[in-house]
Amino acid sequence: MNKLTYKLPDNLASAVQGTLADWKKGDKVKRLWAGDATLWSNQDEAKWIGWLTEADKPISTEARYSDYTKLAEDIQKAGFTHAVLLGMGGSSLCVEVFEKTYGKIGSQPQMHVLDSTDPAQIRTVEHSIDIAKTVFIVASKSGSTLEPNIFKEYFYDLTSKAVGAGEAGKRFIAITDPGSHMQKVAEQDGFRAIFYGVPSIGGRYSALSNFGKVPASIQGVDLAKFLANVDLMVKACGADVPADQNPGAILGAILGTLQKTGRDKVTIFASEGISDLGAWLEQLLAESTGKIGKGLIPVDLETIGAPEVYGNDRIFAYVRLENGADPKLDAAVSALEKAGHPVVHISVGDKYDLGEEFYRWEIATAVAGSIIGINPFNQPDVEASKIETRKLTDQYEKEGKLPAEAPFFEDKGIKLFSDPKNTEALKAAAGANPTLVSYLKAHLGRIKPNDYFALLAYVERNDAHKKTLQTARLAVRDKKHVATCLGFGPRFLHSTGQAYKGGPNTGVFLQVTCDDAADLKVPGHTYTFGIVKAAQARGDFQVLADRGRRALRVHLSADVAAGLSTLQQAIAEALA
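Residues numbered from 1 in each chain as written. Predicted model: local features only at pLDDT ≥ 70, side-chain atom pairs only at ≥ 80, totals over all residues. Heavy atoms only, no water.

Student: Explain the pattern of salt bridges to me, please; I cannot follow it from the model alone.
Tutor: Note on pairing: side chains with opposite charge can pair once their charged atoms come close. Within this structure, the stated rule accounts for 33 salt bridges. In this structure, the salt-bridge partner of D240 is K30, at a minimum N-O distance of 3.5 Å. You can see D240 sitting in the loop between α10 (223-236) and α11 (247-260) and its partner K30 sitting in helix α2 (residues 28-33), a full 210 residues away along the chain. For D240, a relative accessible area of 67% gives the class exposed. Across the pair D313 and K265 runs a salt bridge, and its minimum N-O distance is 3.0 Å. Of the two residues, D313 sits in the loop between β8 (297-300) and β9 (314-321) while K265 sits in strand β7 (residues 265-270), which places them 48 residues apart along the sequence. Using a relative accessible area of 2% as the deciding quantity, one classes D313 as buried. (Salt bridge = Lys/Arg side-chain N within 4 Å of Asp/Glu carboxyl O. Helix = DSSP H or I, 4+ residues; strand = E, 2+ residues; numbered from the N terminus. Buried < 20%, exposed > 50% of the residue type's maximum accessible area, 1.4 Å probe, protein only.)

Here it is in structure tokens:
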């Protein structure tokens, strides 16, 4: 089984031992397994613990898909060369982990994940597949989430044109909760199969349910082997295992205890072969704990730096693949330990042991939620952005346009927007003859010790854009010595967005939007994907402003690469 060790300063180690002793004395692991709501906020927590026992349950009651092997064989025999998962948040991030970790397997289809309304991102997926030889997996727990529904409408239309309307449904599979809108759509359109979620499992806890297992089987992952390893962790984290011997409870005690001491930036390092685990952990930690002004802020893919660039608000988690470790990363993590930073080590023997970490971190998150004093199974602030987005898309459907908006500054093809309060503060700090650099300097100047800086980019998530934005975030970290986050919209709305809006008011946000070089129509609607993305960005920003967050929006032209380069250079100058 994957091994966990940790090295903490003496005072923190003592505090963690005290937490574990309290959990052991109070029999709290057993209470967690029983769904005792008083362990958390005494609300509806008992309704959301189905994930504890789901990992080893059967795939489906349908005879032809009585196990994962039959599903994989059916997809293979049908001749599909590609599979595309259409989903958001908990319905997509675990699938992305499978895809990035295991890649293409034998003669099974190449898996793709679409979780963006950015037209360029959608077009990239479309151009990488053969529509006539692709199976689409529409994953939506509620069945009413905007993005999976419009993804389905777009690709169903393309498939109907490619193979005929009568055959299109046979190239679609739904994963959704029983009785949902998506179930009705799937039945109406004659989908190849419908697999059901479990109502008592929230999206971010669903990796080991059908939302993870169905796409993994289609990809060709050996689920018997994968789940056998998971079962080791399930038993180790069981109700009768004392907290101080329970690997999930130990990790949760560390996270929760250190959060209460101000170390709330959970910085994740992972070996390259399993590096996408961090994207899944971001949602699990942020959406579960970031609420009522508290929470953990996950930091993923922030290249490791020297010990002196980190503040005293960090806790580091190093997930190391034993048969694919990087000696340079080992040495850099060791340097952090020697400098006195708290570090958790998790040793993963093989890629097929990765499922153990899904389960360990789910338990740990539930434990940490109890210690922090929140309900780890709700997401009250996610809905706020959806409401604002819905207002805007509804208006577009009625009037054919979004509400007019005007930048408060424009230079070098870049426009700046914000709400009145933030605009007033930035204008006051930028000086009498403001420039793009002086406004960015004013905004970055609002970062204080133990804050974090988040780049929220509503642009295509490709390697070139990631590289430029990574350069910008690391420049901020190295100059300001604060944690930095990079999220691509709208996918982060279903992930870290909850913590940004509902967690501690310690974030300084730079939202990046752009004109779309070429838009895409959503069949059956007046609005386009570009309009939906714009509405999501505006809705996101509105809620940040409503929550009193320090936020600035930078809008680029359709030449996104050039705009990001200009922005990155301006940030560098602002930090000089």
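Moving on, there is more to tell.
Student: Explain helix α14 (residues 354-372) here, please?
Tutor: Taking 1.5 Å of rise per residue, the 19 residues of α14 would be expected to cover 27 Å, and the 27 Å separating its terminal C-alpha atoms lies within 8% of that figure. For α14, the tally of buried residues reaches 19 of 19 residues, placing the bulk of the element in the interior. Positive backbone phi, at 95°, marks G373, one or two positions downstream of α14. (Expected span 1.5 Å × (residues − 1).)

Student: Which parts of the structure should I look at to understand the environment of W48?
Tutor: As for its position among the elements, W48 is in the loop between α2 and α3 (68-77). With 159 residues separating them along the chain, W48 and A207 place their C-alpha atoms 14 Å apart. Once residues lying within four places of it in the same chain are set aside, the contact partners of W48 are K141, P199, S200, I201, G202 and F377. (Contact = heavy atoms within 4.5 Å.)

Student: What exactly am I supposed to notice about the pairing of strand β14 (residues 483-488) here?
Tutor: If a strand is regular, its side chains alternate between the two faces of the sheet. Of all six residues in β14, six are buried, a share of seventy percent or more. Here β14 shows a buried face lined by A483, C485 and G487 and a second buried face lined by T484, L486 and F488.

Student: What is the right way to read the nonpolar core from this model?
Tutor: Nonpolar side chains in soluble globular proteins tend to be buried together. F226, L255, W280 and W361 are the most contacted members of the largest nonpolar core, which has 92 residues in total. With 11 residues, α14 is the largest single contributor of residues to this core. Beyond its immediate sequence surroundings of up to four residues, W361 is in contact with L251, L255, W280, L281, L284, L285, A317 and I346. Residues A430, I447, V482 and F488 belong to the second largest nonpolar core, which totals 37 residues. (Core = buried A, V, L, I, M, F, W, Y, C linked by side-chain atoms within 4.5 Å.)

Student: Would you mind going over the pairing of β9 with me for this structure?
Tutor: Of all eight residues making up β9, seven are buried, and the element is well covered by its neighbours. Where β7 meets β9, six bridges bridge the pair, whose relative direction is parallel. Along β9, the bridge assignment pairs A270 with V319. Two elements, β9 and strand β10 (residues 343-348), share six bridges in a ladder whose sense is parallel. Residue R320 lies in a different strand from β10, and its bridge partner there is S347. As for the winding sense of the linkage, the β-α-β connection from β9 through helix α13 (residues 327-338) to β10 is right-handed. (Pairing = 2+ DSSP bridges. Right-handed = clockwise from strand over helix to strand, strands pointing away.)

Student: So what exactly am I meant to see when it comes to the packing of aromatic side chains here?
Tutor: Two numbers describe a pair of aromatic rings. These are the distance of the centres and the angle of the planes. Under the defined criterion, the tally for this structure stands at 27 aromatic pairs. Clustering of aromatic rings is evident, with ring pairs tying together F136, F151, Y154, F155, Y156, F172, F191 and F529. The ring of Y156 carries the charged tip of K152 above its face, separated from the ring centre by 4.2 Å. Note that K225 overlies the ring of Y352, its terminal NZ or CZ placed 4.6 Å from the centroid. (Phe/Tyr/Trp six-rings, centres within 6.5 Å; stacked < 30°, edge-to-face > 60°. Lys NZ or Arg CZ within 6 Å of the ring centre and 35° of its normal.)

Student: Teacher, can you tell me more about the sheet that holds strand β6 (residues 193-196) here?
Tutor: Think of a sheet as strands paired side by side through backbone hydrogen bonds, with each pair either parallel or antiparallel. Pairing in this open sheet of five strands is parallel, and the strands run β3-β2-β4-β5-β6 from one edge to the other. Strands at the two margins of the open sheet, each flanked by one partner only, are β3 (110-114) and β6. Strand after strand, the sheet turns through a mean of 20° between neighbouring axes, direction not considered. Along the sheet face, helix α8 (residues 181-188) touches β4 (134-139), β5 (172-176) and β6 and points at about 160° away from the line of β6. (Axes fitted to C-alpha atoms, helices over the stretch in contact; angles between N-to-C directions.)

Student: Any chance you could explain the sheet that holds β14 here in plain terms?
Tutor: With mixed pairing, the six strands of this open sheet are ordered in space as β11-β12-β16-β15-β13-β14. Two strands lie at the open edges of the sheet, namely β11 (409-411) and β14, each paired on one side alone. Going from strand to strand, the sheet's axes swing by 20° on average, the running direction of each strand aside. By the bridge criterion, six bridges tie strand β13 (residues 452-457) to strand β15 (residues 507-514) in an arrangement that is parallel. For L456, the partnering residue across the bridge sits in β15 and is Q511. Seen against the sheet, helix α18 (residues 463-480) touches β13 and β14 and runs at an angle of roughly 160° to β14.

Student: How do you make sense of the side chain of K291 when you look at a structure like this?
Tutor: Along the polypeptide, K291 turns up in the loop between α12 (277-289) and β8. Of the polar contacts made by the side chain of K291, one reaches the backbone oxygen of E287; its length is 3.2 Å. Among residues more than four places away in sequence, those in contact with K291 are R204, I374, N375, P376, F377, N378, Q379, P380, Q498, G502 and G503. (Polar contact = N/O pair within 3.5 Å; in protein donor to acceptor, adjacent residues only side chain to side chain.)

Student: Help me out: how do you make sense of the layout of surface pockets in this one?
Tutor: Any empty space left between the atoms is revealed when a probe the size of a water molecule rolls over them. Empty space within the second largest pocket amounts to approximately 1,000 Å³. Lining of the second largest pocket is provided by 40 residues; of these, S142, T145, E383, K386 and H494 occupy positions nearest its centre. Where the lining of the second largest pocket is concerned, the elements lending two or more residues are α6 (146-163), α12 and α15 (382-399). Broken down by element, the residue count for the lining of the second largest pocket peaks at nine residues, all from α15. (1 Å grid on protein atoms, 1.4 Å probe; cavity = no way out; pocket = protein on both sides within 12 Å on 5 of 7 lines; lining within 4 Å. Points joined across faces, edges and corners; volume = space filled by probe spheres on them.)

Student: Explain the side chain of E337 here, please?
Tutor: Within the secondary structure layout, E337 lies in helix α13. No salt bridge is formed by the buried E337, whose closest oppositely charged neighbour, K7, lies at an N-O distance of 4.8 Å. With residues up to four places along the chain from it excluded, the contact list for E337 reads K7, V343 and H345. (Lys, Arg positive; Asp, Glu negative; His and termini not counted.)

Student: I would appreciate a short explanation of the packing of α6 against helix α20 (residues 529-546) in the present structure.
Tutor: For any two helices packed against each other, the geometry is given by the interaxial angle and the distance between the axes. At a minimum axis distance of 12 Å, the contact between α6 and α20 shows a crossing angle of 170°. Classified by the angle their axes make, α6 and α20 are roughly antiparallel. Across the interface between the two elements, L146, E147, I150, F151 and Y154 of α6 pack against F529, V532 and Q536 of α20. (Parallel < 35°, antiparallel > 145°, perpendicular 65-115°, else oblique.)

Student: Would you take a moment to explain helix α16 (residues 420-430) for this structure?
Tutor: Within α16 the residues assigned to the buried category are N422, T423, L426 and A430. Considered in projection along α16, the buried side chains sweep an arc of 100° and stay on one side of the axis. Turned more than 90 degrees away from the buried face of α16, the exposed residues are P420, K421, E424 and A428. Residues of α16 that are buried make contact with α17 (436-444) and β16 (550-556). One or two steps after α16, the chain reaches G431, where phi turns positive at roughly 95°. (Arc of directions from axis to C-beta.)

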